[in-house]
Amino acid sequence: MEPSNRDLVGKGFELLAEGLEPFVERHLAAMVPGGMDWLDWLSRRGQNRTMTQSKSDPLVLLRAINDQEKAFKGTLSRAERSYVQELWECRNNWAHNSVFNEADTHRLLDTIERLLRAVGAVTEADEVQRLLRDHLRPAAHRPGQQAPHQAGGQTRANARATPGPRHGGASARTEGPGDSTPPTRRAMAAAGLGAGIFA
């Protein structure tokens with residue numbers, strides 16, 4: 001049985017947390033006094049008020065990166081910091097049971113992969129890339145799925161590529177002139193999935 005978009009988003013956030021935790025730990029260690037745990041330190045300062053207070057929660061890690069600018073200064077480009085903001089908002093939407101369609105899901109996984117590579121979490125980034133590539137397979141090649149023309153729908157390759165607002169109102173992605181496009185990004189474009197409500 002094919003995983004739902006919600007399942008894919010959830011797995012993507014799990015991998016995001018696994019890849020971000022060592023990065024956050026490493027950069028906050030220099031700021032935490034007396035060997036105190038960084039999460040306890042942020043909690044006592046009232047700067048990480050999330051419900052779970054767990055290092056396995058991507059929201060905790062994303063907020064730490066966003067709020068502790070001094071600790072992470074120079075580690076991420078402006079575009080990469082925009083990924084943090086985007087994923088923070090999408091994590092909140094996912095936790096509140098917002099619906100993620102295919103375009104939303106592809107966009108989210110691509111952003112997760114980009115941020116993971118930016119922090120050096122190659123293993124987790126490769127796993128997210130695999131999730132995205134598997135989900136990008138034509139419907140005719142997925143078990144129990146019909147191709148778009150068999151189901152009476154319009155193929156994505158022929159759909160109008162009209163950009164619109166993203167899921168959850170995430171801010172526009174900023175790419176620098178030297179930005180490299182991951183293989184999954186090219187695959188999305190070839191499949192006609194680069195536009196829509198998450199484009």
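Residues numbered from 1 in each chain as written. Predicted model: local features only at pLDDT ≥ 70, side-chain atom pairs only at ≥ 80, totals over all residues. Heavy atoms only, no water.

A separate point is the packing of helix 1 (residues 5-28) against helix 5 (residues 102-118). Between helix 1 and helix 5, whose axes approach to 10 Å, the crossing angle comes to 10°. Considering the angle they form, helix 1 stands roughly parallel to helix 5. Contacts from Asn-5, Leu-8, Val-9, Gly-12, Phe-13, Leu-15, Leu-16, Gly-19 and Leu-20 in helix 1 reach Glu-102, Thr-105, Leu-108, Leu-109, Ile-112, Leu-115 and Leu-116 in helix 5. Its residues assigned to classes, the contact of helix 1 with helix 5 comprises 11 nonpolar, 4 polar and 1 charged. (Axes fitted to C-alpha atoms, helices over the stretch in contact; angles between N-to-C directions. Helix = DSSP H or I, 4+ residues; strand = E, 2+ residues; numbered from the N terminus. Parallel < 35°, antiparallel > 145°, perpendicular 65-115°, else oblique. Contact = heavy atoms within 4.5 Å. Nonpolar A, V, L, I, M, F, W, Y, C, P; charged D, E, K, R; others polar.)

Leu-16, Val-24, Trp-38 and Leu-115 are the most contacted members of the largest nonpolar core, which totals 43 residues. Listing elements by their share of this core, those giving two or more residues are helix 1, helix 2 (38-44), helix 3 (58-67), helix 4 (78-95), helix 5 and helix 6 (122-136). For this core, the element with the highest residue contribution is helix 1, accounting for 10 residues. With residues near it in sequence (within four places) discarded, Leu-16 still touches Pro-58, Leu-62, Leu-87, Ile-112, Leu-115 and Leu-116. (Core = buried A, V, L, I, M, F, W, Y, C linked by side-chain atoms within 4.5 Å. Buried < 20%, exposed > 50% of the residue type's maximum accessible area, 1.4 Å probe, protein only.)

What follows covers the pattern of salt bridges. Opposite charge on two side chains makes pairing possible when the charged atoms of those side chains draw close. Counted according to the given criterion, the structure contains 10 salt bridges. Glu-14 is paired through a salt bridge with Lys-11; the nearest N and O atoms lie 3.9 Å apart. Of the two residues, Glu-14 and Lys-11 are both situated in helix 1; the distance of 3 residues between them amounts to about one turn of the helix. Glu-14 gets classed as partly exposed once you look at its relative accessible area, which sits at 44%. Accessibility expressed as a relative area gives 33% for Lys-11, which makes it partly exposed. For Glu-113, the salt bridge goes to Arg-117, with nearest N and O atoms at 3.1 Å. Here Arg-117 and Glu-113 lie together in helix 5, a separation of 4 residues that amounts to about one turn. Shared partners join several salt bridges into a network, and the residues in it are Glu-113, Arg-117 and Asp-126. (Salt bridge = Lys/Arg side-chain N within 4 Å of Asp/Glu carboxyl O.)

Let's shift gears to unusual backbone geometry. The backbone phi angle of Asn-97 is positive, close to 65°, even though this residue is not glycine. As for its position among the elements, Asn-97 is in the loop between helix 4 and helix 5.

Direction vectors running N to C along helix 5 and helix 6 enclose 160°, while the axes themselves pass 8 Å from each other. Relative to helix 6, the element helix 5 is oriented roughly antiparallel. Crossing of helix 5 against helix 6: the hand is left-handed. For the pair helix 5 and helix 6, contact is made by Glu-102, His-106, Leu-109, Asp-110, Ile-112, Glu-113, Leu-116 and Arg-117 and by Val-122, Glu-124, Ala-125, Asp-126, Val-128, Gln-129, Leu-132, His-135 and Leu-136, respectively. Taken together, the residues that form the contact of helix 5 with helix 6 break down as 8 nonpolar, 3 polar and 6 charged. (Left-handed = near helix turned anticlockwise from the far one by under 90°.)

Taking 1.5 Å as the rise per residue, helix 4 with 18 residues should run 26 Å; its terminal C-alpha atoms sit 26 Å apart, in good agreement. Buried within helix 4 are the following residues: Ala-79, Ser-82, Tyr-83, Val-84, Glu-86, Leu-87, Trp-88, Cys-90, Arg-91 and Asn-93. On its buried face, helix 4 sits against helix 1, helix 3 and helix 5. (Expected span 1.5 Å × (residues − 1).)

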